[in-house]
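One-letter residues, chain by chain:
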Amino acid sequence: MGAGNAPTPPQLLGVVFDVDGTLVDSERDGHRVAFNRAFEEAGLSYRWDVETYGELLRTTGGKRRLEAFLLEHGHDEDEAADLALKLHETKTAAFRDMVDDGLVPLRPGAARLVAELRSEGVRTFVATTGTRAWVEPLLRRHFGADAFELVVTGTEVTRLKPDPAAYTAVLGETGLDPRHVVAVEDSRNGLLAARAAGLACLVVANDYTSDQDFTGAALVVDGFGPGARQLAGPRASLPDGSVAVETLRALNARWA
Ligand code: XBP
Ligand code: MG
């Protein structure tokens, strides 16, 4: 027990990072460009402009996003499923090339936070809807081989965010109690997935998600900093305007 019999706040033992939109601002100039390359290679006239793609992001998972779009554009179920599979394979190869060519940069402050967490003994994990074929090379390129103890991707989990499957897979494989783990997300779909798994959630919003409903988030900021602005949630500690380990410790203590 803490001083004066106040319960000791649970310790922060782990942080689970989302990838797209969170660690990397990858959607507008990354995935969207790769999808359009896949349409072009298939001889299809479809092209997703920035605004259209922002609306299509309501469907998580690139293959499901393609299938939903094709169904809405006159393709029957079998054709939409078959075409989505083929297009997504091409898109994934194109996006992997963009990763290898250094065209998918980290969001400012992301590498610093991951390094700080690790240096303070907080375990770091990834739970993403994205496809392992590009997730692994992206993480390796930016963080090295072993920055994340466990990486769960959309390739392993069939139920995609806002389903909690990716987060419950991390908890299940590590045996961690959700009261000791904080999730870092960028979207409402990701926030809902983290909350359904019982995790406190920091939202680091971006241009595609900043107007979404983040009810249930422990804190909403517009970046990892320095210079990050708090957008919602009780007054948080952002040393020099940065999301620091102490920020996440305080979130975990308050929300667990
Ligand atoms: C975001 C997604 C992914 C990407 C595209 O994942 O929904 O589907 O948009 O990647 P998260 P794929 O925010 O959970 O990281 O085409 O490989 O699905
Ligand atoms: Mg995301």
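These numbers were taken from a predicted model, which means no experiment stands behind them. (Residues numbered from 1 in each chain as written. Chains lettered and ligands numbered in written order. Predicted model: local features only at pLDDT ≥ 70, side-chain atom pairs only at ≥ 80, totals over all residues. Heavy atoms only, no water.)

Caption draft 1: Structural detail: the side chain of Thr-174. Of note, Thr-174 is situated in helix 7 (residues 165-174). Here Val-170 takes part through its backbone oxygen, which lies 2.7 Å from a polar atom of the side chain of Thr-174. For Thr-174, the residues in contact, after removing those within four places along its chain, are Arg-123, Phe-125 and Leu-150. (Helix = DSSP H or I, 4+ residues; strand = E, 2+ residues; numbered from the N terminus. Polar contact = N/O pair within 3.5 Å; in protein donor to acceptor, adjacent residues only side chain to side chain. Contact = heavy atoms within 4.5 Å.)

Caption draft 2: Region of the structure containing the coordination of the magnesium ion (ligand 2). In the first shell of the magnesium ion (ligand 2), the protein supplies Asp-18 (OD), Asp-20 (O) and Asp-186 (OD), at 2.1 to 2.2 Å from the metal. Within one chain, the residues serving as donors to the magnesium ion (ligand 2) are arranged as D-x1-D-x165-D. One end of the pair, Asp-18, is in the loop between strand 1 (14-17) and helix 1 (27-41); the other, Asp-186, is in the loop between strand 4 (181-185) and helix 8 (188-196), with 168 residues separating them in the sequence. (Donors = N, O, S within 2.8 Å, 3.2 Å for Na, K, Ca; no water.)

Caption draft 3: Geometry of the nonpolar core. Among the nonpolar cores identified, the biggest contains 41 residues, and Phe-17, Leu-23, Leu-117, Phe-148, Leu-202 and Leu-248 are the most heavily contacted of them. Where this core is concerned, the elements lending two or more residues are strand 1, helix 4 (77-100), helix 5 (110-119), helix 6 (132-143), strand 4, strand 5 (200-204), strand 6 (219-221) and helix 9 (245-255). For this core, the element with the most residues is helix 6, which contributes five residues. Residues lining this core come from more than one domain, with at least three contributed by each of domain 1 (11-26 + 104-255) and domain 2 (28-100). Once you skip the residues sitting within four places of it in the chain, Leu-202 turns out to touch Val-182, Ala-183, Val-184, Glu-185, Leu-219, Val-221, Val-243, Leu-248 and Leu-251. (Core = buried A, V, L, I, M, F, W, Y, C linked by side-chain atoms within 4.5 Å. Buried < 20%, exposed > 50% of the residue type's maximum accessible area, 1.4 Å probe, protein only. Domains from an automatic or database assignment.)

Caption draft 4: View of the packing of helix 4 against helix 6. Interaxial distance between helix 4 and helix 6 falls to 9 Å at its minimum, and their mutual angle equals 5°. When the interaxial angle is binned, helix 4 and helix 6 end up roughly parallel. Residue-level inspection shows Lys-91, Thr-92, Phe-95, Arg-96, Val-99 and Asp-100 of helix 4 in contact with helix 6, the latter providing Ala-133, Trp-134, Pro-137, Leu-138 and Arg-141. A class-by-class count of the residues in the contact of helix 4 with helix 6 yields six nonpolar, one polar and four charged. (Axes fitted to C-alpha atoms, helices over the stretch in contact; angles between N-to-C directions. Parallel < 35°, antiparallel > 145°, perpendicular 65-115°, else oblique. Nonpolar A, V, L, I, M, F, W, Y, C, P; charged D, E, K, R; others polar.)

Caption draft 5: Local environment of the sheet that holds strand 1. Taken in spatial order, the seven strands of this open sheet run 3-2-1-4-5-6-7, and their pairing is mixed. Only two strands of the sheet have a single partner each, and these edge strands are strand 3 (150-152) and strand 7 (230-232). With direction set aside, neighbouring strand axes in the sheet form an average angle of 25°. Lying on the sheet, helix 5 is in contact with strand 1 and strand 2 (123-127); it crosses strand 1 at an angle near 155°. Helix 8 contacts strand 4 and strand 5 of the sheet and is inclined by roughly 165° relative to strand 5. (Pairing = 2+ DSSP bridges.)

Caption draft 6: Spatial organisation of helix 7. Among all positions of helix 7, only Ala-165, Ala-166, Tyr-167, Val-170, Leu-171 and Thr-174 are buried. In this fold, the buried residues of helix 7 make contact with strand 1, strand 2, strand 3, strand 4 and helix 8. Where helix 7 ends, the next residue or the one after it, Gly-175, has phi of about 75°, a positive value.

Caption draft 7: Here's a closer look at a negative patch on the surface. On the surface, Asp-76, Glu-77, Asp-78 and Glu-79 cluster together into a patch of negative charge. Within the secondary structure, Asp-76 sits in the loop between helix 3 (62-72) and helix 4. (Patch = residues over 30% accessible without salt bridge, like charges linked within 9 Å, V, L, I, M, F, W, Y side chains within 5 Å. Areas by Shrake-Rupley, 256 points an atom, 1.4 Å probe, with all protein chains shown as cover. Salt bridge = Lys/Arg side-chain N within 4 Å of Asp/Glu carboxyl O. Lys, Arg positive; Asp, Glu negative; His and termini not counted. Charge placed at Lys NZ, Arg CZ, Asp CG, Glu CD.)

Caption draft 8: Broad picture of the site of ligand 1. Asp-18, Glu-27, His-88, Thr-128 and Thr-131 are the nearest of the 18 residues found near ligand 1. In this structure, Glu-27 approaches ligand 1 through a side-chain N or O atom, which is 2.7 Å from an oxygen atom. Between ligand 1 and Thr-128, the relevant distance is 2.6 Å, taken from an oxygen atom to a side-chain nitrogen or oxygen of the residue. When the free accessible area of ligand 1 is taken as 450 Å², the share hidden by the protein chains comes to 95%. Its residues placed into classes, the shell around ligand 1 shows three nonpolar, nine polar and six charged. Residues from two domains meet in the shell around ligand 1; each of domain 1 (11-26 + 104-255) and domain 2 (28-100) gives at least three. (Near = heavy atom within 4 Å.)

Caption draft 9: The pattern of salt bridges, seen in detail. Inspection of every chain in the model, using the stated rule, returns 16 salt bridges. As a salt-bridge pair, Asp-146 and Arg-118 come within 3.9 Å of each other at their nearest N and O atoms. With Asp-146 in the loop between helix 6 and strand 3 and Arg-118 in helix 5, the pair connects residues that are 28 residues apart, well separated along the chain. Look at Arg-118 and you get partly exposed, because its relative accessible area is 38%. Residues Glu-136 and Arg-132 are paired through a salt bridge, measuring 2.6 Å at the closest nitrogen-oxygen approach. Taken together, the residues Glu-136 and Arg-132, both in helix 6 and four residues apart, mark about one turn of the helix. Given the relative accessible area of 37%, Glu-136 is considered partly exposed. Residues joined in a network through salt bridges with shared partners are Asp-18, Lys-161 and Glu-185.

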